Amino acid sequence: MQIINLADVPEAIGTLARWHFDEWHTLYPEETLEDFQAELAASTTQGTVPSTFIAQVDGNVVGSISLLSHDMDIDEPWAPWLANLYVHPDYRQQGVGKQLIQHLIAFARRNSLDQLYLFTPSSRDYYEALGWTLLRRQSYKGQQVDIMLLALSEKDG
């Protein structure tokens, strides 16, 4: 498996946008497939935030992860956010997601970021096992979600 910057393979944006839209459109009902494509395209510009990385196996995209300036509409100044962690169903339970997370954490550290945030409706245990801490549980767009923090000065989980 290879993890590469989406900026190096922008032709993957259409596939990723479709996967992300299908997976998360219930959290973002006001957004269209084109909105998901635009967010991914924005992460191919120079700079640290936003950035998106993809996992490839034999040249095929199998997953993604993003670093975004915000991922929730909440009244907190928290940033940046781990977002868009997605692994194609054929490649789940094989460590792809964990490798994508580790890659993003290393990228964030290289770019002098102090912490990362994320929210998840259903994967709190997974992230806690990787060293993330629960900040709070709240209702967000009709779902209960966990907002989590990873202090980057600590060792990876």
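Being a predicted model, the structure only gives us computed values, none of them experimental. Within each chain, residue numbers correspond to sequence positions counted from 1 in written order. At least 70 in pLDDT is required for a residue's local features to be given in this predicted model, at least 80 for side-chain atom pairs to be given and counted, and no such filter applies to totals for whole chains, interfaces and linings, which use all residues. Side-chain metrics rest on all non-hydrogen atoms present in the structure, leaving aside hydrogens and water.

Planes of paired rings set the category: under 30 degrees apart is stacked, over 60 is edge-to-face and the rest tilted, where pairs are Phe, Tyr or Trp rings (Trp by its six-membered ring) whose centres lie within 6.5 Å. Overall, the coordinates contain 10 aromatic pairs when judged by the stated rule. Summarising the aromatic geometry, the rings of Trp19 and Tyr86 are spaced 5.3 Å apart at their centres and angled 35° between planes, so their arrangement reads as tilted. Taken as a pair, Trp19 in helix H1 (residues 13-24) and Tyr86 in strand S4 (residues 81-87) lie far apart in primary sequence, 67 residues in all. Take Trp19 and Tyr86: they sit in the same class, and that class is buried. Secondary structure is summarised from DSSP: a helix means a run of H or I of at least four residues, a strand means a run of E of at least two, and numbering begins at the N terminus for each. Think of it in three bands: with a 1.4 Å probe and only protein chains considered, a residue is buried below 20% of the maximum accessible area for its type, exposed above 50%, and partly exposed in between.

Attention now goes to the pattern of salt bridges. Pairing is possible between side chains that carry opposite charge, provided their charged atoms lie close to one another. Salt bridge, as used here, is a side-chain nitrogen of Lys or Arg placed within 4 Å of a carboxyl oxygen of Asp or Glu. The full count for this structure, using the stated rule, is six salt bridges. With its nearest N and O atoms 3.2 Å apart, the salt bridge here joins Glu30 to Lys141. Separated by 111 residues along the polypeptide, Glu30 in the loop between H1 and helix H2 (33-42) and Lys141 in the loop between strand S6 (133-140) and strand S7 (143-151) bring together distant segments of the chain. Put simply, Asp146 and Arg137 hold a salt bridge, and the shortest N to O gap is 2.9 Å. Accessibility expressed as a relative area gives 44% for Arg137, which makes it partly exposed.

Side chains of residues three or four places apart in an α-helix project in the same direction, reflecting 3.6 residues per turn. Given a helix with a known number of residues, its expected span is that number minus one, times 1.5 Å. Under the 1.5 Å per step criterion, the end-to-end length of helix H3 (residues 96-110) is 21 Å for 15 residues, consistent within 8% with the ideal 21 Å. Buried within H3 we find Val96, Gly97, Leu100, Ile101, Leu104, Ile105, Phe107 and Ala108. Looking one or two residues past H3, Ser112 carries a phi angle of roughly 60°, positive in sign.

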